[in-house]
Amino acid sequence: MQPKTRERLANFRRANRKLPRRRMDIPMDKLNFKHPEILSKFTTETGKILPRRVTGVSAFIHRTITREIKRARSLNLLP
């Protein structure tokens, strides 16, 4: 059964697209607040933290990244 309109079909395809490959190239020992150049890869220009579905990291690594970004912000190492 197909969606009724083209807009619904586009939304259906967008919702069911493949997720990006999981990233495994991140060194865990470099994921701390002392390395803001690595943490800035996971934020936008305005300073928002990118979601997991965009960065392609696991949930455990994403929680670590989030915690370290917040620590770096509190020390004014990140905007």
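Quick caveat: nothing in here was measured; it's all calculated off a predicted structure.

## Concerning the overall build of the protein
- Across its full length, the protein holds four helices and zero strands.
- Since a compact globule built from 79 residues should have a radius of gyration of about 12 Å, the 17 Å found for the protein marks it as more spread out than a globular shape.
- By sequence separation, contacts in the protein at least 24 residues apart represent 53% of the contacts at least 6 residues apart.
- Side chains of the protein give 21 positive and 6 negative charges; the mean places of these two sets differ by 10 Å.

## Notes on helix α4 (residues 59-74)
- Here α4 spans 23 Å end to end across 16 residues, near enough to the 22 Å set by a 1.5 Å rise per residue.
- Taken together, the buried positions of α4 are occupied by Ile-61, His-62, Thr-64, Ile-65, Thr-66, Glu-68, Ile-69 and Ala-72.
- Buried-residue contacts for α4 involve α2 (36-39) and α3 (52-55).
- Remark: Asn-76 follows α4 within two positions and exhibits a positive phi of approximately 60°.

## Describing unusual backbone geometry
- Unlike most non-glycine residues, Asn-76 shows phi in positive territory, near 60°.
- Looking at the secondary structure, you find Asn-76 in the segment after α4.
- Overall, the relative accessible area of 68% leaves Asn-76 in the exposed class.

## A closer look at the pattern of salt bridges
- The full count for this structure, using the stated rule, is one salt bridge.
- The salt bridge partner of Glu-68 is Arg-71, with a shortest N-O separation of 3.0 Å. Of the two residues, Glu-68 and Arg-71 both sit in helix α4, three residues apart, roughly one turn of that helix.
- Given a relative accessible area of 6%, Glu-68 falls into the buried group.

What counts and how
Residues numbered from 1 in each chain as written. Predicted model: local features only at pLDDT ≥ 70, side-chain atom pairs only at ≥ 80, totals over all residues. Heavy atoms only, no water. Helix = DSSP H or I, 4+ residues; strand = E, 2+ residues; numbered from the N terminus. Rg over C-alpha atoms; globule rule 2.2 N^0.38 Å. Contact = heavy atoms within 4.5 Å. Lys, Arg positive; Asp, Glu negative; His and termini not counted. Charge placed at Lys NZ, Arg CZ, Asp CG, Glu CD. Expected span 1.5 Å × (residues − 1). Buried < 20%, exposed > 50% of the residue type's maximum accessible area, 1.4 Å probe, protein only. Salt bridge = Lys/Arg side-chain N within 4 Å of Asp/Glu carboxyl O.

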